[in-house]
Amino acid sequence: QVQLVESGGGSVQPGGSLRLSCAASGRTFSDYTMNWFRQAPGKEREFVARISGSGGRTTYTDSVKGRFTISRDHAKNTVSLQMHSLKPEDTAVYYCAASGTYYSIEFDYWGQGTQVTVSS
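Bear in mind that the values here come from a model prediction, so they are computed numbers and not experimental data.

Q: An account of the sheet that holds strand β7 (residues 68-73) is requested, with residue identities and associated values reported.
A: A sheet is described by the order of its strands in space; here 4 strands give the open sequence β1-β3-β8-β7, paired in antiparallel fashion. Because the sheet does not close on itself, it has two edges, and the strands there are β1 (2-7) and β7. The average undirected angle you get between the axes of adjacent strands in this sheet is 15 degrees. Alignment of strand β3 (residues 18-26) against strand β8 (residues 78-83), held across 6 bridges, turns out to be antiparallel. Counted as the bridge partner of Ser 21 is Ser 80 from β8.

Q: Requested: an account of the state of the cysteines, with residues and values cited.
A: Overall, the coordinates contain 1 disulfide when judged by the stated rule. What pairs with Cys 22 in a disulfide is Cys 96, and their sulfur atoms sit 2.0 Å apart. On the sign convention where negative is left-handed, the bridge of Cys 22 and Cys 96, at about 55 degrees about the S-S bond, is right-handed. On the criterion of sequence distance, the pair formed by Cys 22 in strand β3 and Cys 96 in strand β9 (residues 92-99) is long-range, its members being 74 residues apart.

Q: Can you lay out the packing of aromatic side chains for me, pointing to particular residues and giving the numbers?
A: Each aromatic ring pair is specified by the distance between its two centres and by the angle formed by the two planes. Applying the stated criterion across every chain, the model contains 7 aromatic pairs. Considering the side-chain rings of Phe 37 and Trp 110, the 5.1 Å spacing of their centres and the 50 degrees angle between planes classify their relative orientation as tilted. Here Phe 37 is found in strand β4 (residues 33-39), whereas its partner Trp 110 is found in strand β10 (residues 109-110), with 73 residues between them in sequence. Ring pairs connect the aromatic residues Phe 37, Phe 47, Tyr 95, Phe 107 and Trp 110, which therefore count as one cluster. The positively charged end of Arg 45 is found above the aromatic ring belonging to Trp 110, 3.9 Å away from the centroid. Geometry around Phe 29 places Arg 72 over its ring, the cationic atom sitting 4.2 Å from the centre.

Q: So what's going on with the pattern of salt bridges? Which residues, and what values?
A: Across all of its chains, the model carries 4 salt bridges by this definition. Residue Arg 38 is joined to Asp 90 by a salt bridge in which the shortest nitrogen-to-oxygen separation is 2.9 Å. Taken as a pair, Arg 38 in strand β4 and Asp 90 in the loop between β8 and β9 lie far apart in primary sequence, 52 residues in all. Among the residues examined, Arg 38 registers a relative accessible area of 5% and is labelled buried. Between Lys 65 and Asp 62 there is a salt bridge, and its shortest N-O distance comes to 3.0 Å.

Q: Would you mind going over the pairing of β4 in detail, with residue names and values included?
A: Among the 7 residues that make up β4, 6 are buried, leaving the element largely enclosed by the rest of the structure. Where β4 lies against β9, 7 bridges are found, and the strand directions are antiparallel. Counted as the bridge partner of Trp 36 is Cys 96 from β9. Looking at chain direction, β4 and strand β5 (residues 46-51) are connected through 5 bridges and run antiparallel. Looking at β5, one finds that Trp 36 is bridged to Ala 49.

Q: Break down unusual backbone geometry for me, citing the residues and quoting the values.
A: Its identity as a non-glycine residue notwithstanding, Asn 77 has a phi of 55 degrees, on the positive side. As for its placement among the helices and strands, Asn 77 is situated in the loop between β7 and β8. The backbone phi angle of Ser 85 is positive, close to 50 degrees, even though this residue is not glycine. Relative accessible area serves as the criterion here: at 41%, Ser 85 is assigned to the partly exposed category.

The rules we used
Residue positions are counted from 1 within each chain, in the order its sequence is given. Only residues with pLDDT of at least 70 get local features here, since the model is predicted, and only at 80 or more are side-chain atom pairs given and counted; chain-wide, interface and lining totals rely on the full set of residues. Note that the side-chain values use all heavy atoms of the structure and ignore hydrogens as well as water. When DSSP finds two or more bridges between a pair of strands, those strands are recorded as paired. The secondary structure listing takes helices from DSSP runs of H or I that are at least 4 residues long and strands from runs of E that are at least 2 residues long, numbered from the N terminus. Between N-to-C directions, angles span 0 to 180 degrees; the directions come from axes that are lines fitted to C-alpha atoms, helices contributing only their stretch in contact. Two cysteine sulfurs form what is called a disulfide whenever their separation falls within 2.5 Å. Pairing of aromatic side chains here covers Phe, Tyr and the six-membered ring of Trp, requires ring centres within 6.5 Å, and sorts the geometry by plane angle: under 30 degrees stacked, over 60 edge-to-face, intermediate tilted. Here, a charge over a ring is recorded when the distance from Lys NZ or Arg CZ to the ring centre is within 6 Å and its angle to the ring normal is within 35 degrees. By convention in these notes, a salt bridge is any Lys or Arg side-chain nitrogen within 4 Å of a carboxyl oxygen on Asp or Glu. Throughout this description, buried means an accessible area under 20% of the type-specific maximum (1.4 Å probe, protein chains only), exposed means over 50%, and partly exposed covers the range between.

Here's what the structure looks like:
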């Protein structure tokens with residue numbers, strides 16, 4: 001079992017920054033690709049970013065490229081999402097999820113989510 005707990009959400013004005021964190025406990029953290037998803041009100045959940053178990057490979061959805069950076073700290077068993085130049089359309093509940101392989105479409109574990117609101 002892996003437990004995932006997100007933190008760092010909040011309210012910010014357009015153009016601002018936030019840093020989300022996902023703390024993992026349980027099985028070996030480095031075994032898992034870590035993913036960030038988000039779900040806006042009335043919309044389907046969408047992929048945001050992922051990072052490989054080693055941290056050497058990352059992938060982003062086009063809408064966040066150049067603004068968001070995913071990273072992981074194996075010593076602390078955390079994965080972070082640094083978000084800059086936030087836009088109102090980034091408003092959503094953000095979830096971290098663990099998957100066994102890099103391009104897996106199945107996710108073994110999910111966090112409870114953290115709200116990000118971008119509004120003036």
